[in-house]
Amino acid sequence: MKMLRNDVGIFTEKGGTIAYYISKNNIAIVDAEYPEQSKHLIDALQKDPGKPFGILINTHHHGDHTSGNISFKGIVPHVAAHTNSLLNQERVAKEQNKEALQLYPDITYGDTWEYKKMKENINAYYYGPAHTNGDSIIFFPHANIVHMGDLVFNRSWAFIDRTSGASIKNWILILDKVQKQFDNDTLFVFGHAFDPEKVTGNKSDIKAMQNYLESLLSFVNSQIKAGKTKDEILKATSIPGVTEWQGDGINSGLQSAYEEEIQGIM
């Protein structure tokens, strides 16, 4: 657990980064990691019994962000997420026969949503498909902090979920929009980072993520035009112009970019 500023902090243990806002009278949570991890967070925050949980917000449906929702059952009155996030969560739970392990959002929204029951309001924005087709960014205006969910994998190869409507091209546009929407003092929280200590950052990190995605699409497109097969493209161990990204997940991006580019050609 680490406090950032103006009563907003982050929790990292296993899964996507959690943010929390400790208001005067209640607590807001963004994302929930896994059941065991979310229980650790709940125990830590409930050391102050005078502050109940007011809202749990999911940035998107992936299990490392929503599996821990179930730990909040009975102690948080509402769970909120974009409409597509709920649909994806329900679909995956049915496919995996894990419906009994879910706490689904009971509040869903479209392009924008505002939660007004804290000392300071919380805003959610949806700009279309990216990492999935249901990614929200969550803004704490009083602290000038934005939780990006998995719209940023900081210096770590990104998982791009085509089965849930991902779009690399629109992801790039979203990251450009985010850089214009927020100021240079905005602190960003990232869903994942290669260096666990770097799950927060600034606009330069948003720009770096954008450049990585642009380079990914450009490389795959050039390989397709050069007559390379999908299998040949997936053998790549690096992307020209991308020097900082690390990890073992490069294939997810290459395959997703290939599918997106081929779909655009057909």
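What counts, and where the lines are drawn
- Residues numbered from 1 in each chain as written.
- Predicted model: local features only at pLDDT ≥ 70, side-chain atom pairs only at ≥ 80, totals over all residues.
- Heavy atoms only, no water.
- Pairing = 2+ DSSP bridges.
- Helix = DSSP H or I, 4+ residues; strand = E, 2+ residues; numbered from the N terminus.
- Core = buried A, V, L, I, M, F, W, Y, C linked by side-chain atoms within 4.5 Å.
- Buried < 20%, exposed > 50% of the residue type's maximum accessible area, 1.4 Å probe, protein only.
- Contact = heavy atoms within 4.5 Å.
- Arc of directions from axis to C-beta.

Asker: Sorry if this is basic, but what is going on with the sheet that holds strand E11 (residues 145–147) here?
Answerer: Neighbouring strands of a sheet are bound in pairs by backbone hydrogen bonds; such pairs are parallel or else antiparallel. What the six strands build is an open sheet, ordered E8-E9-E10-E11-E13-E15; its pairing is mixed. The outermost strands of the open sheet, each flanked by one partner alone, are strand E8 (112–115) and strand E15 (200–201). Bridge count between strand E13 (residues 187–189) and E15: two bridges; the pairing is antiparallel. The residue of E15 that forms the bridge with Val189 is Thr200.

Asker: What is the right way to read the nonpolar core from this model?
Answerer: Formed by 42 residues in total, the largest nonpolar core has its most connected members in Met148, Trp171, Met209, Tyr212, Leu213, Leu216 and Val220. Broken down by secondary-structure element, the contributors of at least two residues to this core are strand E10 (136–140), helix H4 (168–181), helix H5 (203–225), helix H6 (230–234) and helix H7 (250–265). Ignoring sequence-local partners within four residues, the contact set of Leu213 consists of Ile168, Trp171, Ile172 and Leu175. Grouped together as the second largest cluster of nonpolar side chains are 23 residues, Val8, Ile55, Ile57 and Ile122 included.

Asker: Is there a simple way to explain helix H1 (residues 35–45) in this structure?
Answerer: Residue pairs three or four apart in sequence face the same way in an α-helix, which turns once every 3.6 residues. Of the positions making up H1, those classed as buried are Gln37, Ser38, Leu41, Ile42 and Leu45. Buried residues of H1, seen end-on, are gathered within an arc of 140° and therefore sit on one face of the element. In H1, the exposed positions that point more than 90 degrees away from the buried face belong to Glu36 and Asp43. Contacts made by the buried residues of H1 are with strand E2 (8–11), strand E3 (18–22), strand E4 (27–30) and strand E5 (53–57).

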